Amino acid sequence: KRSREASKISGEIFSKSGSYTLVKGLPDSEFVGHEQLEAIGQLLRVIKNEAVQASLKAGEEGLLIFDKTPFYAEAGGQVGDAGEVLGNSSKAAVIDATWMEKCIAHKVRVESGELRSDESYALKVNGERRADIMKNHTATHLLHSALRKVLGDHVKQSGSLVAPDRLRFDFTHFGPVDAEKIAEVEALVNREIRKNVALNKKVGGKAEAVREGAIAFFGEKYGDEVRVVMIGDFSKELCGGTHLRSTGEIQSFKIISEGSIQAGVRRIEAVTGRGAEALLKKQDLEAQSIASDFRILESNLQDGIKKLMVRVNGLKNRLDKTHNEKVKHKIIQDFKTAPKIGTVTYLKENIPGANVEVFKVACDYLKSLNVPYVTLMVSGTNEKTSFVVSGSGDLIER
């Protein structure tokens, strides 16, 4: 709601009544983007500032609706396409594509010229960006199937995002997924990628597709006729999104995180293709930097870091022991000169960074003196403050 209110295009456009009014009388948009990235479309309607306009001029932003388009409108977790509209000495950048009722609306910013209703224009999808999206979408289907094979058939998709730079997959599961299971899922997906399995896409009846074992994806709306995407015998999904010709085009698949987002729902984020390549390059550079900084052979990085950790922990323990001895000695000395309230010795100690355990050891020593006392000890750091309150047994009983 906040996003819509902040947009130049008011939330009213996205409401059912607003959308219906603005596209009233228009035919359903013909989507031709499954097989092509370019098409000639007739501009049927121009929308700006919540109203139908005759044209959009240079510098203006608005929505364009064509009779047919290769631009995929956001649906089922897959983001809308980007690209450009060209023709009649005009050019507009397509920032996004979204559904308005059964029409595909292209959100554009006109860079030159003037785009007018009832004229024809060349619509061109950004092919590189679309390819990255398709890698992530096809990988999402593989991931869904791999999770069901590794964790069980109870796994069902409960949300997704298919973007150019990553994929996000939410699924039902009763508990955490350990590292071994994540590695197994990742290996299964990459195995199907290496096999370079051809995708088979067909349109048919929904009832028949479900009867044959096709799984519906979260967020999709299905009519009587549905599109089924099959990846060998590994995956079979109902999906209207755009996909690759074969799994080998994904190149590689890497899970970057897995965690809980709510009770019974887990989330996996992953990258493919160029995203996976960039991640591996980043990790390689980080490994080189760590090896150089700590003077460890890169081929022996894990063992080298473990040895450094053992050494650091040993030095830390020695330092803690020395510091704790000093703290304990200070407390014992301060107790000798601490003020008394009647016959009770009252000791206050505020020692920043002190180990609370040494306070407890000092309190045990004070108890062994068999004299009435009360003490409040404080150890503060930037992150937290700890208190130890202690008293001799007879005072506690009283």
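Located above this text is the structure these notes cover.
This text gives an overview of the structure that appears in the document.

Parameters and conventions
- Residues numbered from 1 in each chain as written.
- Predicted model: local features only at pLDDT ≥ 70, side-chain atom pairs only at ≥ 80, totals over all residues.
- Heavy atoms only, no water.
- Helix = DSSP H or I, 4+ residues; strand = E, 2+ residues; numbered from the N terminus.
- Rg over C-alpha atoms; globule rule 2.2 N^0.38 Å.
- Buried < 20%, exposed > 50% of the residue type's maximum accessible area, 1.4 Å probe, protein only.
- Areas by Shrake-Rupley, 256 points an atom, 1.4 Å probe, with all protein chains shown as cover.
- Lys, Arg positive; Asp, Glu negative; His and termini not counted.
- Charge placed at Lys NZ, Arg CZ, Asp CG, Glu CD.
- Salt bridge = Lys/Arg side-chain N within 4 Å of Asp/Glu carboxyl O.
- Pairing = 2+ DSSP bridges.
- Axes fitted to C-alpha atoms, helices over the stretch in contact; angles between N-to-C directions.
- Contact = heavy atoms within 4.5 Å.
- Parallel < 35°, antiparallel > 145°, perpendicular 65-115°, else oblique.
- Left-handed = near helix turned anticlockwise from the far one by under 90°.
- Expected span 1.5 Å × (residues − 1).
- Nonpolar A, V, L, I, M, F, W, Y, C, P; charged D, E, K, R; others polar.
- Polar contact = N/O pair within 3.5 Å; in protein donor to acceptor, adjacent residues only side chain to side chain.
- Phe/Tyr/Trp six-rings, centres within 6.5 Å; stacked < 30°, edge-to-face > 60°.

Each helix and strand in the protein chain was counted, giving nine helices and 23 strands. Relative to the globule expectation of 21 Å for 398 residues, the C-alpha radius of gyration of the protein chain, 33 Å, shows a markedly less compact shape. Taken along its principal axes, the extent of the C-alpha atoms in the protein chain is 100 × 50 × 45 Å. Within the protein chain, the proportion of its 398 residues that are buried is 41%. For the protein chain, the accessible area works out to roughly 22,100 Å², and carbon and sulfur atoms hold 50% of it. Separation between the mean location of the 59 positive side-chain charges and that of the 54 negative ones in the protein chain comes to 5 Å.

Side-chain pairs of opposite charge can arise where the charged atoms are in close proximity. Scanning the entire structure with this criterion turns up 23 salt bridges. With a shortest N-O distance of 3.4 Å, Lys 236 and Glu 212 are connected by a salt bridge. Here Glu 212 lies in the loop between helix H5 (206-211) and strand S15 (215-216) and Lys 236 lies in strand S17 (residues 235-238), a separation of 24 residues in the sequence. Across the salt bridge formed by Glu 349 and Lys 330, the nearest N and O atoms sit 3.3 Å from each other. Here the residue Glu 349 occupies a position in strand S21 (residues 344-350), and Lys 330 occupies one in helix H7 (residues 301-337), the gap between them amounting to 19 residues. Overall, the relative accessible area of 3% leaves Glu 349 in the buried class. Its relative accessible area of 39% is what places Lys 330 among the partly exposed residues. One network of salt bridges, with partners in common, ties together Glu 84, Lys 91 and Glu 111.

With that settled, consider the sheet that holds strand S12 (residues 157-162). As summarised here, the arrangement of the four strands in space is S12-S13-S19-S18, forming an open sheet in which the pairing is antiparallel. Looking at the sheet topology across the chains shown, the edges are occupied by S12 and strand S18 (253-262). Sheet twist, expressed as the average angle between the axes of neighbouring strands with direction ignored, equals 15°. Set on the sheet, helix H3 (residues 127-151) makes contact with S12, strand S13 (167-172), S18 and strand S19 (265-272); between it and S13 the angle comes to about 25°. In the packing of helix H4 (residues 179-194) onto the sheet, contacts are made with S18 and S19, and the angle to S18 comes to roughly 135°.

Let us look at the packing of H3 against H4. Between H3 and H4, the least distance of the axes is 9 Å, while the angle of their chain directions is 130°. Classified by the angle their axes make, H3 and H4 are oblique. In this structure, H3 crosses over H4, and the sense of that crossing is right-handed. Each of Leu 142, Leu 143, Ala 146, Leu 147, Lys 149, Val 150 and Leu 151 in H3 lies in contact with H4, whose residues at this interface are Lys 181, Glu 184, Val 185, Leu 188, Val 189, Glu 192 and Ile 193.

This paragraph deals with the pairing of strand S23 (residues 385-391). Looking at chain direction, strand S22 (residues 373-380) and S23 are connected through seven bridges and run antiparallel. Within the sheet, the bridge partner assigned to Thr 375 lies in S23 and is Ser 390. Remark: four residues form the turn of the hairpin made by S22 and S23, two consecutive strands paired antiparallel.

Turning our attention to H4. Compared with an ideal rise of 1.5 Å per residue, which puts 16 residues at 22 Å, H4 spans 22 Å between its outermost C-alpha atoms and is within 8% of the ideal. At its buried positions, H4 is contacted by H3, S18 and S19. At the exit of H4 stands Asn 196, carrying a positive phi of roughly 50°.

Further remarks concern the packing of H7 against helix H8 (residues 356-368). At a closest axis distance of 10 Å, the pairing of H7 and H8 adopts a crossing angle of 35°. The interaxial crossing formed by H7 with H8 has right-handed handedness. Across the interface between the two elements, Asn 324, Val 327, Lys 328, Ile 331, Ile 332 and Phe 335 from H7 touch Val 358, Phe 359, Val 361, Ala 362, Tyr 365 and Leu 366 from H8. In the contact of H7 with H8, the residues fall into ten nonpolar, one polar and one charged.

Mapped onto the secondary structure, Glu 192 falls in helix H4. Exposure remark for Glu 192: the relative accessible area of 2% places this residue in the buried category. Engagement of the side chain of Glu 192 in a polar contact is seen with the side chain of Arg 191, the distance being 3.2 Å. With sequence-adjacent residues up to four places away left out, Glu 192 is seen in contact with Leu 142, Val 197, Phe 234 and Thr 247.

Bringing the packing of aromatic side chains into the picture now. For any two aromatic rings, the description comes down to two numbers: the centre-to-centre distance and the angle of the planes. Tallying each qualifying case throughout the model produces three aromatic pairs. A centroid spacing of 5.8 Å and a plane angle of 70° characterise the contact between Phe 31 and Tyr 72, whose relative ring orientation is edge-to-face. One end of the pair, Phe 31, is in strand S1 (residues 30-31); the other, Tyr 72, is in the loop between strand S6 (68-69) and strand S7 (83-87), and 41 residues separate them in sequence.

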